[in-house]
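# Structure at a glance
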Amino acid sequence: MAVYKARLKEFDDVLDEEEIDLRNLKKLCFNGIPDEKGRRALCWRLLLDYLPVTRRTWSETLTIKREYFKMFVQEMIVMPGENQIDGNRVDVTFADHPLNSNPDSQWQAFFRDNEVLLQIDKDVRRLCPDISFFQQATDFPCQQVVHSKGVKRLHRRVQHTVLKSANVERKGLGVTKIALSVRKAPEDYAPMSEGMEAHWEVVERILFLYAKLNPGQGYVQGMNEIIGPIYYTFACDPDLDWRADCFFCFTNLMGEIRDTFIKTLDEADCGINGMMSKLGNELRKHDPEVWQHLHKQELVSQYYSFRSPSLAP
């Protein structure tokens, strides 16, 4: 216990400085970050280059970044044929329409976005199913979304239809019995009512905005697994003023690892196959006994270093 308390004090001494020593912080974080009092969330914000090392600039940085995010929600989650005037949503007339085949059509962009959104929606609804956190309501729903009368509710754009079916049963010459049954989709990750939203809905919005802002990469399966721990850590921060900022931290992290999510780079040194090969070589170099055992079992690095989306629950 004494050793653990001493370790907590080391973190506090670094984090309480007016100028954070990132080099020292990285050394401390290498062996794990204590989660008490939001230390982990704060360290991640610093290590992911979201917060500057100068403490007095934090408030200004947070204000600017959060305004940017509000702007992204306002401008990128829209329905074609609608505009914003003085904060009120009004219908406007365009030559554009849903059947317009012009690639620059707002409706064509809307349909393309929905193809990406369909995959995002599917992935976030199965995010960390072993815990109930993502199915619960967030304490800080996005007001632009939850009071938009459904316009900015992304899951509604790709909502699944539930079909009714009837089983016909007849015995001999008796009366035919028809039993209606409803085939119910898993609703553990059910959307919240007006004025509320679940954590998985927030994650869906973040991933959708990331895909919109990074069209060269878009959304790739597995990104939901990357954002999950970041969002959970920030959302559980005991300091309520800090329960945000997941979008920019996730974006900064993806800037470091994005090559592993680009299919055309799979075989390059910086791609996913190249990274797994490097991991295998490092294992062989530093723990040849374990590497030899895996080699005899014909377990190549793909089996223990990369979680295939097809194996996700």
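Worth saying up front: this structure is predicted, and the values here are computed from it rather than measured.

Take the packing of helix α1 (residues 2-15) against helix α2 (residues 22-29) next. To characterise two packed helices, one gives the angle between the axes of the helices and the distance between these axes. For the pair α1 and α2, interaxial distance at closest approach is 10 Å and the crossing angle is 155 degrees. What the angle tells us is that α1 and α2 run roughly antiparallel. In terms of crossing hand, the pair formed by α1 and α2 is left-handed. On α2, the residues that touch Arg-7, Glu-10, Phe-11, Val-14 and Leu-15 of α1 are Asn-24, Leu-25, Leu-28 and Cys-29. Of the residues in the contact of α1 with α2, the class split is six nonpolar, one polar and two charged.

Below, the discussion takes up the pattern of salt bridges. The tally for this structure, following the rule as stated, stands at 12 salt bridges. Asp-121 serves as the salt-bridge partner of Arg-125, at 2.8 Å between the closest nitrogen and oxygen. By relative accessible area, which is 0% here, Asp-121 ends up buried. Overlapping salt bridges, with partners in common, bring together Arg-45, Arg-66, Asp-237 and Asp-245 in one network.

Going through the model one piece at a time under the given rule, you end up with 15 aromatic pairs. An aromatic cluster is defined as three or more aromatic residues linked by ring pairs; in this entry it consists of Tyr-50, Tyr-68, Phe-69, Phe-72, Phe-247 and Phe-248. Looking at Arg-45, its charged tip hangs above the ring of Phe-234, at a distance of 4.1 Å from the centre. Above the face of the Phe-248 ring, Lys-65 is positioned so that its terminal group lies 5.0 Å from the ring centre.

Moving on: the side chain of Thr-54. Of note, Thr-54 is situated in the loop between α3 (39-47) and α4 (58-76). The class of Thr-54 is buried, set by a relative accessible area of 15%. Aside from chain neighbours lying at most four places away, what touches Thr-54 is Glu-18 and Glu-19.

Rules used in this analysis
- Residues numbered from 1 in each chain as written.
- Predicted model: local features only at pLDDT ≥ 70, side-chain atom pairs only at ≥ 80, totals over all residues.
- Heavy atoms only, no water.
- Axes fitted to C-alpha atoms, helices over the stretch in contact; angles between N-to-C directions.
- Helix = DSSP H or I, 4+ residues; strand = E, 2+ residues; numbered from the N terminus.
- Parallel < 35°, antiparallel > 145°, perpendicular 65-115°, else oblique.
- Left-handed = near helix turned anticlockwise from the far one by under 90°.
- Contact = heavy atoms within 4.5 Å.
- Nonpolar A, V, L, I, M, F, W, Y, C, P; charged D, E, K, R; others polar.
- Salt bridge = Lys/Arg side-chain N within 4 Å of Asp/Glu carboxyl O.
- Buried < 20%, exposed > 50% of the residue type's maximum accessible area, 1.4 Å probe, protein only.
- Phe/Tyr/Trp six-rings, centres within 6.5 Å; stacked < 30°, edge-to-face > 60°.
- Lys NZ or Arg CZ within 6 Å of the ring centre and 35° of its normal.

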